[in-house]
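# A closer look at the structure
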Amino acid sequence: MNQNRDFYAGLVATVFFAVILFVLIPIYVKVPSFIPGFAPPPDMWPRVVAVIGLVMGVLALVLAFPKMREASRNQVEGFGNRILGNKTHLMRFAGILIVFAAFVYGMPLIGFVPATVLLLGVLFVMTGNFERKFWMIGLAIIFPVLLYLLFTEVTHTPFPKGKLLSANISHLTTLI
Amino acid sequence: MWNELLYAFQEVATLPNFLAMFAGIWGGVIIGAIPGMTGTMAVTLALPFTFYLSPVTSILLLVALYKGSTYGGSISAILIKTPGTASAACTVLDGYPMARAGKGGKALNMALISSCIGDFISNISLFFLAIPLATFALRVGPPEFFMLMAFSLTIVASISGRSLVLGIISACLGLLLATVGEDMYGSFRFALSEDMKSGLGMVPVLIGLFALPELIKMIVFRPEDNAAAMKLGDNRLTLAEFRGSIKSICRGSIIGVILGAIPGIGPSTAAFFSYSEARRTSKNGDKFGEGELEGIAASESANNGACGATMIPLLALGVPGDVITGVMLGAFMIHGLTPGPLLFQNNLGDVYALFIGILFSSVFLFVAGKATAGAFTKISRIPQTLLLPCILILCVYGIYSIGASPFDVTVLLVMGVVGFAMMLLNIPAAPFLIAFILGPMFEDNMRRSLAISRGDLGVFFQSWISWGFFALTVLFVILTIRREWKKWRDNRDATSASAH
């Protein structure tokens, strides 16, 4: 299993640096019409780094081939089969991505403290260890609240209250 | 000089500094004692809090965390056969057999004493080596600094992981990420959104890369929980036992200092090297691995001996030798200080205060370790399923408190996923981090050199210092390629042999 990792690392690096070099640099690195003195243009450094990264990615691919040949000779299962075999791991990883995305998009809506309480609770559930249920429930509520108090009192950080919550409170105030 | 030292002593001897050092040592020991938590994590987690402290207090807190975690790694190594940090891997070999024989307390005492002695020798060497090195570095200009940084990155890239190619890929990723935002002449690069125009914050990137992948790994793969801890048992370390190990402690400390001062090597290699030297030269060499005190002394003196020495290239040249000193470089920058020769010229008082504070931290390590060894044994039993999610929440609050920016929290989470992907692909994270921190300086020195020379690349080869670093870089690359070529050829031979 370890033997194919270099190939995938090389593949990912090659694709990534190629996208940087041929797509992102031309679009997102603007060269100004006038550069003072003899200073090199702003796209020079990213180009140099991306070219080195691309060459290294290709090199990693090339160096991984003998190991790949050996792996196929020994009837090691292919990547597709391995992904299907590790479906549970993939699902868990996808779950983490969804939870993180939900936190980023949900936090401005429901507020920082409720969002962190929910995030901690979901992460405890995702660890799959339910031996200490009461600890989990207690920590999921108390820990974010304690941190909120600590940071608001000591560093005076203005944490987002949440648009939904603020809207409801202002609505209630108007009604009263 | 003496006046400045006296003034620095007064600056260090304040309650906030002592509290920071005690908190750092204790926090470091606690984090180091928990398997899976590393010194890097301890230092990166503390980084957001340093925003609210003075520069000297911040660095002392981080140094204390580093030292505490390096010693803390030995607690779980000895009592539950799981090194808390990579540098304590050798301590397991003799520490756990001693704990099983009912001598866990004795092993912990030896680990503490040798750690403190190694640490003290390392601090003294920092004091005597950093100043001459910084004086020499004052003669160095942008082209020489560019070559020095290229040399440091090459070493870190080739030593950190299994392969030089993957190390360079990691460094390139870090260098590219460092270009996001506004450059030195006001041009925007890779500003895919409005938030990205001011670049990516150093702290969310560092914490995301080093603290979060462990949590994601735990959720995805769900490994077994911590093993059961052994009892402390016999606690007394006799003078004769200490005398029997003093040679290994001194040798280990010197090995730690030498290897720690070379960028990219660090405490783990120092501990392995010192252990194997002690085993080779000791009259009890054949008993190593069965519960020999000298083995613990050799490994622990070397890994703590490297701690102070890793600060030598950081303070004198502004080049971090490993991930932890990379994070410390970030802490210096947060406070508007740039480590390197100019720090010694412009902020000598702060530098002396740091030296004195670092010396104090050795004493604090001894006191904290001695007073609370029993309590620390319980820490290694905290289940990771409770701990790691709480750490993520702590990171989220800490990151948000720095700039009150939800974008920083997004960067933290994205970098956690990137760090996990790198972990899966065996791409080492250390070159990424050091390249990300050094990136702006690296590019700045290159562009300034080219601007001075009107675009002539010959500027990088005009002085013997540049040539020296260039030769060392080439030599290092050739040696690494030779090593990898040999490995590749052996693999190929094994492949063809198995085919026939």
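Residues numbered from 1 in each chain as written. Chains lettered and ligands numbered in written order. Predicted model: local features only at pLDDT ≥ 70, side-chain atom pairs only at ≥ 80, totals over all residues. Heavy atoms only, no water.

### Re the pattern of salt bridges
In the structure shown here, the tally under the stated rule is ten salt bridges over all chains. Between A:Arg47 and A:Asp43 there is a salt bridge, with its nearest N and O atoms 3.1 Å apart. When the shortest N-O distance is used, the salt bridge between B:Lys67 and B:Asp119 registers 3.2 Å. Of the two residues, B:Lys67 is situated in helix 4 (residues 55-80) and B:Asp119 in helix 6 (residues 104-137); the sequence distance between them amounts to 52 residues. With respect to class, B:Lys67 is no different from B:Asp119; both count as buried. Each member of the salt-bridge network shares a partner with another, and the members are B:Asp183, B:Arg189, B:Glu443 and B:Arg447. (Salt bridge = Lys/Arg side-chain N within 4 Å of Asp/Glu carboxyl O. Helix = DSSP H or I, 4+ residues; strand = E, 2+ residues; numbered from the N terminus. Buried < 20%, exposed > 50% of the residue type's maximum accessible area, 1.4 Å probe, protein only.)

### Re the interface of chain A and chain B
Counting residues at the interface gives 72 residues for chain A, matched by 67 residues for chain B. Approximately 6100 Å² of surface area, both sides summed, lies buried where chain A meets chain B, with 79% of it carried by carbon and sulfur atoms. Linking chain A with chain B are zero salt bridges, by the criterion used here. Scanning the region where chain A abuts chain B turns up six residue pairs in polar contact (both at pLDDT 80 or more). Contributions of two or more residues to the side of chain A that touches chain B are made by helix 1 (5-28), helix 2 (44-73), helix 4 (87-110), helix 5 (112-127) and helix 6 (133-155) of chain A. Counting residues per element, the side of chain A that touches chain B draws most heavily on helix 2 of chain A, which supplies 15 residues. (Contact = heavy atoms within 4.5 Å. Buried area = accessible area lost by both parts, 1.4 Å probe. Polar contact = N/O pair within 3.5 Å; in protein donor to acceptor, adjacent residues only side chain to side chain.)

### Observations concerning the packing of aromatic side chains
Under the criterion given, the structure shown has 31 aromatic pairs over all chains. With centroids separated by 6.5 Å and ring planes inclined at 85 degrees, the aromatic side chains of A:Phe151 and A:Phe159 adopt a geometry described as edge-to-face. The buried category is assigned to A:Phe159, whose relative accessible area is 5%. With centroids separated by 6.3 Å and ring planes inclined at 40 degrees, the aromatic side chains of B:Phe221 and B:Phe420 adopt a geometry described as tilted. Pair noted here: B:Phe221 is in helix 9 (residues 202-221) and B:Phe420 is in helix 18 (residues 406-424), with a separation of 199 residues, a long-range link. (Phe/Tyr/Trp six-rings, centres within 6.5 Å; stacked < 30°, edge-to-face > 60°.)

### A short note on helix 17 (residues 384-403) of chain B
Residue and element names in this part refer to chain B. With 20 residues, helix 17 ought to run about 28 Å at 1.5 Å a step, and its terminal C-alpha atoms sit 29 Å apart, in line with that. Taken across its 20 residues, helix 17 has 17 buried, putting it largely inside the fold. Backbone geometry just downstream of helix 17 places Ala404 in the positive-phi region, at approximately 50 degrees. (Expected span 1.5 Å × (residues − 1).)

### Regarding the packing of helix 4 of chain A against helix 5 of chain A
Residues and elements named next belong to chain A. Packing of helix 4 against helix 5 leaves a shortest axis separation of 8 Å and a crossing angle of 165 degrees. When the interaxial angle is binned, helix 4 and helix 5 end up roughly antiparallel. Two packed elements cross with a definite hand, and for helix 4 against helix 5 that hand is right-handed. Contact residues: Arg92, Gly95, Ile96, Val99, Phe103, Met107 and Ile110 in helix 4; Phe112, Pro114, Ala115, Thr116, Leu118, Leu119, Val122 and Met126 in helix 5. (Axes fitted to C-alpha atoms, helices over the stretch in contact; angles between N-to-C directions. Parallel < 35°, antiparallel > 145°, perpendicular 65-115°, else oblique. Left-handed = near helix turned anticlockwise from the far one by under 90°.)

### Regarding the environment of B:Ala191
By the secondary structure assignment, B:Ala191 is in the loop between strand 2 (188-189) and helix 9. Between the alpha carbons of B:Ala191 and B:Val180 there is a distance of 6.4 Å; along the sequence they are eleven residues apart. Non-local contacts of B:Ala191, meaning those with residues more than four positions away in its chain, are made with A:Tyr28, B:Met196 and B:Lys197.

### Concerning the side chain of B:Glu300
Residues and elements named next belong to chain B. Within the fold, Glu300 resides in helix 12 (residues 293-309). At 13 Å, Lys67 is the nearest oppositely charged side chain to Glu300, a buried residue that forms no salt bridge. In this view, Glu300 contacts Thr70, Tyr71, Ser74, Ala88, Thr91, Ala111, Ser114 and Ser115; residues no more than four positions away in its chain are not counted. (Lys, Arg positive; Asp, Glu negative; His and termini not counted.)

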